[in-house]
Amino acid sequence: MQSRLPDSFVGATWRGTTPVEPNAKVIGVAFNLDDGAVLRLRLPIESAKQLQESIAEFTAAYTSSHSDRSSAMPSVPGSTPVEGVKV
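First, a word on what this report is: a plain description of the structure on this page. Because the structure is a prediction, the values reported are computed rather than measured.

### Re the pattern of salt bridges
- In total, this model carries one salt bridge according to the counting rule given.
- Across the pair Glu-46 and Lys-49 runs a salt bridge whose closest N-O atoms are separated by 3.5 Å. One end of the pair is Glu-46 and the other is Lys-49, both in helix α1 (residues 45–71) and three residues apart, which spans about a single turn.
- Look at Lys-49 and you get partly exposed, because its relative accessible area is 39%.

### Quick word on unusual backbone geometry
- A positive phi angle, near 55 degrees, is found at Lys-25, a position not held by glycine.
- By the secondary structure assignment, Lys-25 is in the loop between β1 (12–17) and β2 (26–33).

### Thoughts on the sheet that holds β2
- Strand order in the open sheet formed by three strands is β1-β2-β3, and the pairing between neighbours is antiparallel. Only two strands of the sheet have a single neighbouring strand rather than two, namely β1 and β3 (38–44). Here the average twist between neighbouring strands, direction ignored, is 30 degrees.
- Across five bridges, β1 lies against β2 in antiparallel orientation. Counted as the bridge partner of Gly-16 is Ala-30 from β2.

Rules used throughout
Residues numbered from 1 in each chain as written. Predicted model: local features only at pLDDT ≥ 70, side-chain atom pairs only at ≥ 80, totals over all residues. Heavy atoms only, no water. Salt bridge = Lys/Arg side-chain N within 4 Å of Asp/Glu carboxyl O. Helix = DSSP H or I, 4+ residues; strand = E, 2+ residues; numbered from the N terminus. Buried < 20%, exposed > 50% of the residue type's maximum accessible area, 1.4 Å probe, protein only. Pairing = 2+ DSSP bridges. Axes fitted to C-alpha atoms, helices over the stretch in contact; angles between N-to-C directions.

Shown next as structure tokens:
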């Protein structure tokens, strides 16, 4: 399946998050890039909240769409152990 993301997006994994810096009202988020570099971002709290909500919304939609498919799959008869039958 072809990616819907443009090529300008680089591969990364989440590295970590810092506690909120109360005086500056910022939080740090870091990512490991596929090329070995580390990207560290200082986000204003409001921006971090928007990021959190956006990620939660899209991951929930992804999770529910995939679990709906698996729950719609037929089960194999006899796949659940019956009381008194050795498995």
